[in-house]
Amino acid sequence: MTNRSIKNTKKNKSIMGTLFSAIVAMVIVGLIAIASFFGLAKFTTNTILAKDIVQPASSQFFDTNGDLLCTTDSDEDRLPVSFNKVPKNLQNAFLAAEDIRFYEHGGIDYKGIARALFNNILSGDIQGGSTITQQLAKNFFLTQDRTISRKIHEAFIALQLEQKYTKQEIFEMYLNQIYFGRGAYGVESAANTYFGKHVEDLSLAECAMLAGIPKSPNYYSPINNPKAGAERQKIVLEQMAKYNFITKDQMNKAINQKLVYKNIVTDLGSKKYFINYCIQILIDKYGPDAVYKQGMKVYTTLDPDMQEAAEKATKLTPTYYTDKSKLKQPQSALVAIDPQTGYIKAMIGGRGNDQFNRAVLAERQPGSAFKPFVYLNAFEHGATPNSKVDDKRMPGEWDPHNYDYRWHGLVTMRTALIHSYNIPAIKTAMEYGTDNVVNLAKKMGITTLVDSGPYSDAHPSMALGGLTHGVTPLDMAGAFASIANMGVYNKPTAITKVVDRNGKVLFESKLAPVRVCKAKNAYMLVDVMRDVMTKGTGTGAAINRPCAGKTGTTTDWRDAWFVGFTPDLAAAVWIGDDSNDSLGDMTGADEPATIWRVFMSNALADIPASDFVKPSGFTMPPAEPDDKKKDDKKKKDDKKNATSKKNINSGKLPGTSTGNSFSIPRPPSSQPDNKEQDSSNSSEQKPIVSNKPTP
């Protein structure tokens, strides 16, 4: 061997040694890196799994019959279901489509990984091989990034999940976690969304269709892509037959079965106002996360038949125009309450797609619908329906008048309320204490009243419904329900029970009746208000059973009311423009009375008629006649003078309906400093605090 050959050999050995050392160093560094990564992954996995998995879930709302009304809208529409509710066909479909060796491996299917790695080398892309456990780990704890690091982390979490939970628990969590498209998470929500069924009611064909969707929810959704969905369903069924979960005959029948797609909950329609009211109550009590993520079951008081009756009745609301928000005007609201319980049986918050619930939030002037509180207060202080009030012009700077611009002399309180005379109501409120009227109305559930300070409602024009803030239909229905219940008030209630996802009762309503007036006085008022329906302003609302009620109309016909009740149901109907514009010449005796009549007739159609129960030992004072004025000429002169005065000031003639009042300004002695008034001294002062809705 020559020296040159020896030198070359030494040089080659040196290069090989260096290369070997480099390789060894790289291996060592790689092992250290891998060990460090695995150590970090294990550490973070232990931290992640320190707490049990709690999947976000939508809350469910049920009507009074226990039927599902809707689920809450949230980022993840999920309705957790227990494993024993998932049909065997659906379990097997997922096993056949996703992880046939699920019950054999320990969280990682090494054969599947080898197959996936081979495909990854060929395609250069990170592909499947994930078990059901790994998919749960990825979907719940990790991102959807297709990287080696994420796959390793996923594997560690899967191994830990298998150590912490049983196979059934893992499978149940997976079935409740997986995404099916169209906002549906979990098999129960998917069954609801695609087939309008509960998961336990799915057929084999439906199970196979659902099991095929998660591979690519948007692509395989049978709603979005019927052809691709059907092809994927066929593959799942073939896999099920391959692994002997079903026979080939069952497979063929399922492939040929025509599937019908529908949602278990149809459009909420008018019920959306009630549901949103319930949601706000729950958010105030438990917070938004509890409502939208913790899967509550909420049992409500809504009666579906009465709600349908309310929806049909309020369709009688006339349409004058459509506003800039594409809402029909005027709007209407209706609330119906069971007097014995306070349960809200029906609620219409408007007509449109807006979120403003006029039944609960619209504070509007009640007009003469407020007068029953005035007379009930008088009865509480010793008056009876036979007590006389002199209906004549009031001296002083304030000059209120009756709707018909006539004075009727000495009349009984019964007559005054039947025909909705204004002057007797004002005088009665003043004689028995305006502050007492306000306090009584507050006890009966009118929550918007101001009982002290410069804006107090304890002023004479309150007797005609001239209030600082107005009232809501919900409050009016609740207050009139206490009259129907012989002076016992039950707070309006929308929710009877709330149960968490584990079945624990978080809340259950209990009746808490409060006596707000003497039963005999409530009965006397009911007796008078029954006459309103037969010979007074409420004849257009009369139904074929014992009933009582009161109309209400405000200045310039801005608000029209009818509020009434039977022993079984109280309801308030309101119509008004969201911009507080005039309704033309509509009074409470017109459309509101008609809507009330139509609603009550249908809502109570299957409930036997019952009469108001007279308190034990009470004898109703027999009705007494009014003292008629003999001077007819003076009546005519008074009417002529009053009408002329109105025409000069406002240029308007009174409406043709009788017995409905205008809201009028506070007397000068009790008015706060407010220069913004209508020109007519018989018109309503503009509200101190605006009651204009802001939908």
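Bear in mind the structure is a predicted one, so any value in this text is a computation, not a measurement. (Residues numbered from 1 in each chain as written. Predicted model: local features only at pLDDT ≥ 70, side-chain atom pairs only at ≥ 80, totals over all residues. Heavy atoms only, no water.)

1. Focus on the overall build of the protein chain
Part 1 of the reasoning: In terms of helices and strands, the protein chain carries 23 helices and 18 strands.
Part 2 of the reasoning: Expressed as a percentage of contacts within the protein chain between residues at least 6 apart in sequence, the contacts between residues at least 24 apart total 72%. (Helix = DSSP H or I, 4+ residues; strand = E, 2+ residues; numbered from the N terminus. Contact = heavy atoms within 4.5 Å.)

2. Focus: the nonpolar core
Part 1 of the reasoning: Judged by nonpolar contacts, the single largest core of 90 residues is most densely connected at F61, I344, F373, M476 and F565.
Part 2 of the reasoning: The biggest single contributor to this core is helix α20 (residues 473–484), with 8 residues.
Part 3 of the reasoning: Among residues more than four places away in sequence, those in contact with M476 are P366, A369, F373, I446, V471, W561, V563 and A572.
Part 4 of the reasoning: Core analysis: the next-biggest nonpolar cluster, separate from the first, contains 46 residues, L161, A191, A205 and L210 among them. (Core = buried A, V, L, I, M, F, W, Y, C linked by side-chain atoms within 4.5 Å. Buried < 20%, exposed > 50% of the residue type's maximum accessible area, 1.4 Å probe, protein only.)

3. Focus: the pairing of strand β17 (residues 559–565)
Part 1 of the reasoning: Counting buried positions along β17 gives 7 out of 7 residues, so the element sits mostly inside the fold.
Part 2 of the reasoning: With 6 bridges joining them, strand β16 (residues 548–553) and β17 adopt antiparallel strand pairing. Within the sheet, the bridge partner assigned to T553 lies in β17 and is A560.
Part 3 of the reasoning: In this structure, β17 lies alongside strand β18 (residues 570–576), joined through 7 bridges in antiparallel fashion. Bridge pairing in β18 links A560 to I575.
Part 4 of the reasoning: Turn length for the β17-β18 hairpin, with the two strands adjacent in sequence and antiparallel, is 4 residues. (Pairing = 2+ DSSP bridges.)

4. Some details on the pattern of salt bridges
Part 1 of the reasoning: Inspection of the entire model under this criterion finds 17 salt bridges.
Part 2 of the reasoning: For D531, the salt bridge is made with R414, and the minimal N-O distance between the two is 2.8 Å. Residue D531 is located in helix α21 (residues 519–535), and its partner R414 is located in helix α17 (residues 413–418); the two are separated by 117 residues in the primary sequence. The same class applies to D531 and to R414, which are both buried.
Part 3 of the reasoning: Between R530 and D611 there is a salt bridge, with its nearest N and O atoms 2.9 Å apart. Of this pair, R530 sits in helix α21 while D611 sits in the loop between α22 (591–603) and α23 (632–650), and the two are 81 residues apart along the sequence. (Salt bridge = Lys/Arg side-chain N within 4 Å of Asp/Glu carboxyl O.)

5. Some thoughts on the packing of aromatic side chains
Each aromatic ring pair is specified by the distance between its two centres and by the angle formed by the two planes.
Part 1 of the reasoning: This structure, assessed with the given rule, holds 16 aromatic pairs.
Part 2 of the reasoning: Judged by centre distance (4.9 Å) and plane angle (65°), the ring pair of F370 and F373 falls under edge-to-face.
Part 3 of the reasoning: We classify F373 as buried; its relative accessible area is 0%.
Part 4 of the reasoning: Geometrically, the ring pair formed by F565 and F612 is edge-to-face, given 5.8 Å between the ring centres and 90° between the ring planes. Of this pair, F565 sits in strand β17 while F612 sits in the loop between α22 and α23, and the two are 47 residues apart along the sequence. (Phe/Tyr/Trp six-rings, centres within 6.5 Å; stacked < 30°, edge-to-face > 60°.)

6. Considerations on the sheet that holds strand β14 (residues 505–508)
Part 1 of the reasoning: Strand order across the open sheet formed by 5 strands is β2-β1-β5-β13-β14, with mixed pairing between neighbours. The two strands at the open ends of the sheet, each matched to only one other strand, are β2 (68–71) and β14. Recorded for the sheet is a direction-independent mean angle of 15° between the axes of neighbouring strands.
Part 2 of the reasoning: Bridge count for strand β1 (residues 60–62) against strand β5 (residues 297–300) is 3 bridges, and the pairing is parallel. Bridge pairing links F62 to Y299 in β5. (Axes fitted to C-alpha atoms, helices over the stretch in contact; angles between N-to-C directions.)

7. Thoughts on the confidence of the model for the protein chain
Do not read the fine detail of predicted coordinates wherever pLDDT is low.
Part 1 of the reasoning: Of all residues in the protein chain, 77% have pLDDT values of 70 or greater, and the mean over the chain is 83.
Part 2 of the reasoning: Counted against residues more than four places away or in other chains, residues 629–695, with its pLDDT under 50, gives 164 contacts. (pLDDT = per-residue confidence, 0-100.)

8. Side note on the side chain of R358
Part 1 of the reasoning: In this fold, R358 is placed in helix α15 (residues 358–361).
Part 2 of the reasoning: Polar contacts involving the side chain of R358 include one to the side chain of D578, which spans 2.9 Å. (Polar contact = N/O pair within 3.5 Å; in protein donor to acceptor, adjacent residues only side chain to side chain.)

9. Quick word on the packing of helix α16 (residues 371–380) against helix α18 (residues 422–432)
Part 1 of the reasoning: It is the contact of α16 with α18, at a shortest axis distance of 9 Å, that shows an interaxial angle of 45°. When the axis of α16 is compared with that of α18, the two are oblique. Where α16 crosses over α18, the handedness of that crossing is left-handed. Contacts between α16 and α18 pair K371, V374, Y375, N377 and A378 from the former with N422, P424, A425, T428, A429 and Y432 from the latter. (Parallel < 35°, antiparallel > 145°, perpendicular 65-115°, else oblique. Left-handed = near helix turned anticlockwise from the far one by under 90°.)

10. So, the pairing of strand β8 (residues 331–337)
Part 1 of the reasoning: Counting buried residues along β8, 7 of its 7 residues qualify, which places the element largely inside the surrounding structure.
Part 2 of the reasoning: The side-chain alternation of β8 yields two buried faces, one formed by Q331, A333, V335 and I337 and the other by S332, L334 and A336.
Part 3 of the reasoning: As paired elements, β8 and strand β9 (residues 344–348) share 4 bridges and run antiparallel to each other. Bridge assignment links L334 to a residue of β9, and that residue is I348.
Part 4 of the reasoning: Taking the residues between adjacent antiparallel strands as the criterion, β8 and β9 are bridged by 6 residues, where G342 takes a positive phi near 85°.

11. Side note on the sheet that holds β17
Part 1 of the reasoning: The strand order across the open sheet built from 5 strands is β9-β8-β18-β17-β16, with neighbouring strands paired in antiparallel fashion. Looking at the sheet topology across the chains shown, the edges are occupied by β9 and β16. Pairs of neighbouring strands in the sheet enclose a mean axial angle of 5°, with direction left out of account.
Part 2 of the reasoning: Running over the sheet, helix α14 (residues 304–314) touches β8 and β9 and is turned about 30° from β9.

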